[in-house]
Amino acid sequence: MSHEATVTSPETNATVNTAPRATSVLAGTVFLCGVGTLGVEMIASRLLAPYFGTSQPIWAAVIGLTLVYLAVGYHVGGRIADRYPDECLLYRLVLLSGVATALIPPLAAPILGFAQRAVAHLAVGGFIGALFGVLALFAVPVTLLAMVGPFAVRLQLHRAAAGVSVAGATAGTVSAISTVGSIIGTFLTVLVLIPAIGAAATTYVYAGLLVALGALGARGWGALLALALTTALAGYTFFSSGPIKSAGCDGCTLIAEYESPYNYIQVATRHDPEYGQQVVLLLNEGLAVHSIYNTAYDGDPLDTLTGGGPWDYFAVAPFVVPGRDPASVRSLAMLGSAAGTTPAQFLAIFGPDTHIDAVEIDPMIIDVGRRFFNMRDAATGPDHPNYRVYAEDARYWLATRGGVYDVIGMDAYHQPYIPFHLTTVEFFRLVQQHLAPDGVAVVNAGLGPDGDDRLSRAIVATMEQVFPQVIVIETAHLSNQIIIGVNRNVGDGYANLLDAYARIEHPALRRTLERVYVPTRQPAATYTPFTDDRAPVERLVDSLIFDALTR
C-alpha cells in the first residue's frame, strides 16, 4: 500500500489560521456597534429632556426616528456591501459614526434650543421640536451604525467556504450579536453611565469607542485625523462647558443642575416682590415651576405661601366641606411632592405634628429638596416626626402603603404631558378608598394656551365617575385649576369656602381664600372618562398643540 504525502502550502495555512480570528474580530465589531446604537438612542432621550421633557410622545419621536434611521442604514449598508465588500470600508463607516457622535454635544444646545423656541408660544409640548432635534442630531451616527450589520453578513459570507448555504445562519448570528450589544448599551447607558458621568461624557465614551474601533480597522491618516477631531471636540465641550441650559424661568439665576434617571433638574433663585428671595425647582423642559421655597421664612405660615400659586390651594380645599374647622385637618398624602412646598405649608398651617406622607418618584429631587428647599422630614431630624417622604411611583405607593387621609393631593401633572395612569377612573377609585369620610381629593391641573381647559374638563369628567361631587376653582394666576373631589354631596362648595373665610381666623388660610376664583368658562364639550384601558391624554394635549399652531 502506497502512502501519498499531503502538502499544505503556507498560504493555505495562513488562510485556515486567519479565518477564525477574522470572524471573531468581525463579531466583536458588530457587538460594539450594537452597544453604540442603543447607547446613542438613550442619550437622545436625555438630551431632549431639558428642552421637551420625557413624556411618551417624546419617546415615540426618539424610537420612531431611530427605527427610520435603522431601516435606511440596513438598506443602504446592504447595497454598498454588495458592491464594495471591503472590510476597510466597513471600519471607515464605524469611524465616521464615531465622529458624528462626537459632534452631538457641541451641536445639541443650539439645535435643541432653536427647536424649543420655535414651539415655545404653544406652552404645551415639544413633539414637533423633538422630531426636528432628533432628526438633526442623531440621523447620521445611527444610520451609519445600522450599516454595520448587513456589511458584516456580506463579509462573512464572502469568507465562508459554504457560501450562501449558511446565509440564514450567518444573518441570524450577526443579528443576535448586534441585539445583545444593544441590550447592554441600553442598560449601561441608562443605569450606569449617565447617572455617574452625565450625558455629554457618556456621548464621548461612545464616540471614543467607535472612533478607536474604526481606526483599528481603517488605519491611515484619516483614522488619525478622526481621533484628533474627536479629542478636540471632547476638549472643547468639557473646557468650555457651562450649564446644560440657562434657568427656565423669567428673572431666575441658575444655582445647581443635576441629571437623574428620571429628570433633568434645575435649582434657581429669583426675587419676588411679595416674598423676597425664592428658590425654585424646574424639571426637564422647564415649562413650569414645581416647587418654591421662600428663604425669608422664619416660622410665620404666611411666609410659606406662594402668592396664589397652585400649592397654596391644597390647604384650603378641605373647607369646601361645610363647617369644617382647621383643627380637623390632621393628615395629608401628597402624590408628586417634588421638593416639598405643599407639605411645608401644611406643617406651618396645621401644626408640626400633622401626619404627612409625601411621594416623589425621583430620589434626586428629594435630595434637592433637603439641600435647597429646607425640607425637614423625619429622615432629617426630630422637628417633624410624622412627615415621611417616599421615593416611589405614586399609584403603586398608594395601593401598597397608603393609609387614610383628610387630604390626598395630586401634583404629578406636569406640562406638557401627564402620567396617564394617574388620570383614570381606576386610579381615582383607589384614591377614594384612602380618604377619610370628610376627606377631599385635590388635583392641580394646568391650563393650556389662552386658558384652554379641555384637559381639566377631561379630568373632571373622570373624577365625576367616582366622587359624589367635584368642585373646580381657579388660582390667582389663572394658569391652573384646582379640582376637588369629595366623598359626599356638600352643596354649594363655593359658598362653603366663603363661609370658611368668614369663620376662620388663620391668616395664611384667609390669604389664600381671598384668592379663590370661580371658573367663568362654560363647558363646550363633554369627555369620555379616562380608564386604564383607554386614557388618550397625549392625544388630547397634542390637539392643544395643533390647534394653537392652526391659530
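A. Spotlight on the overall build of the protein chain. Regarding its fold elements, the protein chain presents 16 helices and 11 strands. The contacts of the protein chain with a sequence gap of at least 6 include a subset with a gap of at least 24, amounting to 71%. Carbon and sulfur atoms make up 60% of the accessible area of the protein chain, which amounts to about 23700 Å² in all.

B. View of the pairing of strand E11 (residues 480-486). Along E11, 7 of the 7 residues are buried, which leaves the element largely enclosed by surrounding structure. Burial of the side chains of E11 extends over both faces: Asn 480, Ile 482, Ile 484 and Val 486 are buried on one face and Gln 481, Ile 483 and Gly 485 on the other. Note: strand E9 (residues 435-446) against E11, 7 bridges, orientation antiparallel. Bridging across to E11, Gly 446 finds its partner in Asn 480. Where strand E10 (residues 469-474) and E11 come together, 6 bridges link them in antiparallel fashion. In the strand pairing of E11, Gln 469 is matched with Val 486. Once E10 ends, the chain turns through 5 residues before running back antiparallel as E11, passing Leu 478 with a positive phi of about 55°.

C. Here's a closer look at the state of the cysteines. Overall, the coordinates contain 1 disulfide when judged by the stated rule. Through a disulfide, Cys 249 is tied to Cys 252; the S-S separation comes to 1.8 Å. One quick way to see it: the torsion about the S-S bond of Cys 249 and Cys 252 is about -110°, and its sign makes the bridge left-handed. On the basis of relative accessibility, which here comes to 16%, the residue Cys 252 falls in the buried class.

D. Local environment of the side chain of Asp 406. Tracing the backbone through its elements, the reader meets Asp 406 in strand E8 (residues 405-410). What makes Asp 406 buried here is its relative accessible area of 11%. A distance of 3.3 Å separates polar atoms of two side chains, one belonging to Asp 406 and the other to Arg 324. Sequence-distant contacts of Asp 406, defined by excluding residues within four places in its chain, comprise Arg 324, Ser 328, Val 329, Arg 330, Ser 331, Leu 435, Ala 436, Gly 439 and Val 440.

E. Main features of the pattern of salt bridges. Scanning the entire structure with this criterion turns up 12 salt bridges. Across the pair Arg 46 and Glu 259 runs a salt bridge, and its minimum N-O distance is 3.9 Å. Note that Arg 46 is positioned in helix H1 (residues 10-52) and Glu 259 in strand E1 (residues 253-259), a separation of 213 residues in sequence. Judged on exposure class, the residue Arg 46 and its partner Glu 259 are both buried. Across the pair Asp 406 and Arg 324 runs a salt bridge, and its minimum N-O distance is 3.3 Å.

F. Fine view of the environment of Thr 170. Following the sequence through the fold, Thr 170 ends up in helix H7 (residues 167-218). With 16 residues separating them along the chain, Thr 170 and Arg 154 place their C-alpha atoms 9.1 Å apart. Not counting residues within four places of it along the chain, the set of residues in contact with Thr 170 comprises Val 153, Gln 156 and Leu 157.

G. Quick peek at a nonpolar patch on the surface. On the surface, Val 180, Ile 183, Ile 184, Phe 187, Leu 188, Leu 191 and Val 192 cluster together into a nonpolar patch covering about 610 Å² of accessible area. Here Leu 191 is to be found in helix H7. Here Leu 191 falls in the exposed class, since its relative accessible area comes to 58%.

H. Focus on the packing of aromatic side chains. Summed over all chains, the structure comprises 6 aromatic pairs. Ring geometry for Tyr 390 and Trp 397: centres 5.3 Å apart, planes at 40°, overall tilted. Assigned by exposure class, Tyr 390 and Trp 397 land together as buried. The interplanar angle of 35° and the centroid separation of 6.5 Å between the aromatic rings of Trp 397 and Tyr 405 together place this pair among those described as tilted. The pair formed by Trp 397 and Tyr 405 is uniform in burial state, with each residue classed as buried. A connected cluster of aromatic rings, assembled from ring pairs, spans Tyr 390, Trp 397 and Tyr 405. If you follow Arg 510 out to its NZ or CZ, it ends over the ring of Tyr 501, 4.1 Å from the centre.

I. Highlighting the sheet that holds strand E2 (residues 264-272). Strand order in the open sheet made by the 4 strands is E1-E2-E3-E4, with antiparallel pairing throughout. Since the sheet does not close on itself, it has two edges, and those belong to E1 and strand E4 (289-294), each with one partner. On average, each strand axis in the sheet is tilted by 20° relative to the strand beside it, whichever way the strands run. Direction of pairing for strand E3 (residues 276-283) relative to E4: antiparallel, over a ladder of 5 bridges.

J. Here's a closer look at unusual backbone geometry. Unlike most non-glycine residues, Ala 338 shows phi in positive territory, near 50°. Phi at Asn 374 takes a positive value of approximately 55°, unusual for a residue other than glycine. The class for Asn 374 is partly exposed, based on a relative accessible area of 31%.

K. Expanded view of the sheet that holds strand E6 (residues 355-359). Ordered in space as E7-E6-E5-E8-E9-E11-E10, the 7 strands form an open sheet in which the pairing is mixed. The two strands at the open ends of the sheet, each matched to only one other strand, are strand E7 (387-390) and E10. This sheet shows a mean twist of 15° between the axes of neighbouring strands, independent of strand direction. In this sheet, E8 lies alongside strand E5 (residues 331-335) in parallel orientation, the contact comprising 4 bridges. Its bridge partner being in E8, Leu 332 is matched across the sheet by Val 407. Of the strands in this sheet, E9, E10 and E11 are in contact with helix H13 (residues 454-463), which crosses E11 at around 5°.

Rules behind the numbers
- Residues numbered from 1 in each chain as written.
- Predicted model: local features only at pLDDT ≥ 70, side-chain atom pairs only at ≥ 80, totals over all residues.
- Heavy atoms only, no water.
- Helix = DSSP H or I, 4+ residues; strand = E, 2+ residues; numbered from the N terminus.
- Contact = heavy atoms within 4.5 Å.
- Areas by Shrake-Rupley, 256 points an atom, 1.4 Å probe, with all protein chains shown as cover.
- Buried < 20%, exposed > 50% of the residue type's maximum accessible area, 1.4 Å probe, protein only.
- Pairing = 2+ DSSP bridges.
- Disulfide = S-S within 2.5 Å.
- Polar contact = N/O pair within 3.5 Å; in protein donor to acceptor, adjacent residues only side chain to side chain.
- Salt bridge = Lys/Arg side-chain N within 4 Å of Asp/Glu carboxyl O.
- Patch = residues over 30% accessible without salt bridge, like charges linked within 9 Å, V, L, I, M, F, W, Y side chains within 5 Å.
- Phe/Tyr/Trp six-rings, centres within 6.5 Å; stacked < 30°, edge-to-face > 60°.
- Lys NZ or Arg CZ within 6 Å of the ring centre and 35° of its normal.
- Axes fitted to C-alpha atoms, helices over the stretch in contact; angles between N-to-C directions.

Geometric descriptors of this kind do not, in isolation, establish any biological role.
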